[in-house]
Amino acid sequence: MRGMDPSQRRQGDRYVVQPTDIEAFRRDGYVHLRGVLSEDEVKELEVDYDRLVNREIEVPGKDYCDMAGGYGRKPEEFSIINVMLPRKYHAAWQGNILERRAASIAEQLQGAGLILDYDQLLAKRPGKEDAVFAWHQDMAYWPDTPDTRTATIWCAFDDSDVGNGCMRFVPGSQKEPKLRPHQPVGRTREESHALGTVVDESVDTVHCAEIARGDVTVHDERVVHGSGPNTSNRWRRAYIIAFRSVDTVATERELGFTHSHNDEKDVLDGVGIDGETR
Ligand SMILES: O=C(O)CCC(=O)C(=O)O
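Not measured: the values here are computed from a predicted model.

Caption draft 1: Looking closely at empty space enclosed by the protein. This structure, assessed with the given rule, holds two cavities of 30 Å³ or more. What lines the largest cavity is a set of 25 residues, and nearest its centre among them are Y118, Q120, F133, H136 and D138. Contributing elements (two or more residues each) for the lining of the largest cavity: β6 (114-124), β7 (133-136), β8 (150-156), β14 (224-227) and β15 (236-245). Looking at side-chain class alone, the lining of the largest cavity contains 11 nonpolar, 10 polar and four charged residues.

Below is the structure:
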């Protein structure tokens, strides 16, 4: 199947993941898959994507926020517009083509028994030096559960490169025995949701994941990743869908954790600060 064209890999709701992709995902903690959505499929979804980002579809409270921090900024000044849980606020998206293909990718990479845990839009405005997504491991944000398998599908709605702030990964970091220590990026988690950890580029290898519109990267729950500023005159829009195990999602919900930034339990005691605990 080596060299299979993306149009052949899209088979209805399924996207064919090849053995070399599975190897890369296990080795690096992430993998780049080309052409998961066709141009026509992106075009159809981006109409509502832009309505969500422009607040023509209402997204309440902190589920519409600036992941760059930006205390006291007006929405039109946000550098990284973050829309949490778009499928909750725009039910017409439930079951859309990206959700269906992403589910098939998650199963091929991580095995059976995963369900959609949350979705998210992250849109970096053009010309924003501070549109930096701090280095982090996703597990630092989440409660600990016995089955941590995760496949986070990050779909580019614009060609994504170093100029507009593409994703960057520290390949292999998912194999480190403990989570790296994380600290709030702002003064408190309530003020800014983001957590950050340290990457030393003289020691850590960094891959810049330059990918085309309609491509995805898929990452797991422990790989260190983040993204740089948008110094270009282009947007960098991403549509993200994360799959986790049925049991993990049930445990999260029992704890009152839905990935909404409006949850009372959004910031869990002890989570994300102390790398020694896991
Ligand atoms: O879009 C970005 O720059 C960061 C996204 C991310 O960290 C994630 O999806 O886990």
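Back to the write-up after that little detour.
Caption draft 2: Geometry of the pattern of salt bridges. A full pass over the atoms with the stated rule returns 22 salt bridges. Between R213 and E46 there is a salt bridge, and its shortest N-O distance comes to 2.9 Å. With a gap of 167 residues between them, R213 in the loop between β12 (207-209) and β13 (216-219) and E46 in helix α3 (residues 39-53) connect regions that are remote in the sequence. Residue R234 is joined to D161 by a salt bridge in which the shortest nitrogen-to-oxygen separation is 3.0 Å. Note that R234 is positioned in the loop between β14 and β15 and D161 in the loop between β8 and β9 (167-170), a separation of 73 residues in sequence. Residue class for R234 comes out partly exposed when judged on its relative accessible area of 33%. For D161, a relative accessible area of 22% gives the class partly exposed. Several salt bridges share partner residues, and in doing so they unite E39, K43, E46, D50, D158, R213 and R237 into one network.

Caption draft 3: Molecular detail of the site of the ligand. Neighbouring the ligand are the residues L122, F133, H136, D138, W154, M167, H219, H225, S227, R236 and I240. In this structure, H225 approaches the ligand through a side-chain N or O atom, which is 3.0 Å from an oxygen atom. S227 is positioned such that a nitrogen or oxygen atom in its side chain is 2.6 Å from an oxygen atom of the ligand. In isolation the ligand exposes 300 Å². Once the protein is present, 97% of that is buried. A molecule is said to occupy a pocket when more than half its atoms come within 2 Å of that pocket's grid points, and by this definition the ligand occupies the largest cavity.

Caption draft 4: Local environment of helix α6 (residues 246-254). Among all positions of α6, only T248, V249 and E252 are buried. Down the axis, α6 shows its buried residues gathered within 95° of arc, on one side only. With respect to the buried face of α6, the exposed residues turned more than 90 degrees away are D247 and E254. Next to the buried residues of α6 lie β6 and β15.

Calculation notes
Each chain has its residues counted from 1, running along the sequence as written. Per-residue local features are limited, in this predicted model, to residues with pLDDT of at least 70; the limit for side-chain atom pairs, both in listing and counting, is 80 or more; totals at the level of whole chains, interfaces and linings are taken over all residues. Side-chain numbers come from the whole structure's heavy atoms, not from hydrogens or water. Using a grid of 1 Å spacing that covers the protein atoms alone, one calls a set of points a cavity when a 1.4 Å probe fits there but cannot get out, and a pocket when the set is open and has protein on both sides within 12 Å along at least five of seven lines; lining residues are those with an atom within 4 Å of a point. Grid points are joined across faces, edges and corners, and a volume is the space filled by probe spheres set on the points. Secondary structure elements follow DSSP: runs of H or I of four or more residues count as helices, runs of E of two or more count as strands, with numbering from the N terminus. Only Asp, Glu, Lys and Arg are considered charged, only Ala, Val, Leu, Ile, Met, Phe, Trp, Tyr, Cys and Pro nonpolar, and every remaining residue, Gly among them, polar. Should a side-chain nitrogen of Lys or Arg be within 4 Å of a carboxyl oxygen of Asp or Glu, the pair is scored as a salt bridge. Partly exposed describes any residue whose relative accessible area lies between the buried limit of under 20% and the exposed limit of over 50%, with all areas from a 1.4 Å probe on protein chains only and scaled to the type maximum. Nearness is defined per residue: one heavy atom within 4 Å of the molecule or strand is enough. Polar contact is defined as a pair of N or O atoms within 3.5 Å, subject to the rule that within protein one atom must be able to donate a hydrogen and the other to accept it, and that residues adjacent in sequence are counted only when both atoms are side-chain atoms. The method behind every accessible area is Shrake-Rupley, applied with a 1.4 Å probe, and residues are considered shielded solely by the protein chains displayed. To be counted as sitting in a cavity or pocket, a molecule needs more than half of its atoms within 2 Å of that site's grid points. Comment: arc refers to directions from the helix axis out to C-beta atoms. Throughout, a residue-residue contact means that at least one pair of heavy atoms, one from each residue, lies within 4.5 Å.

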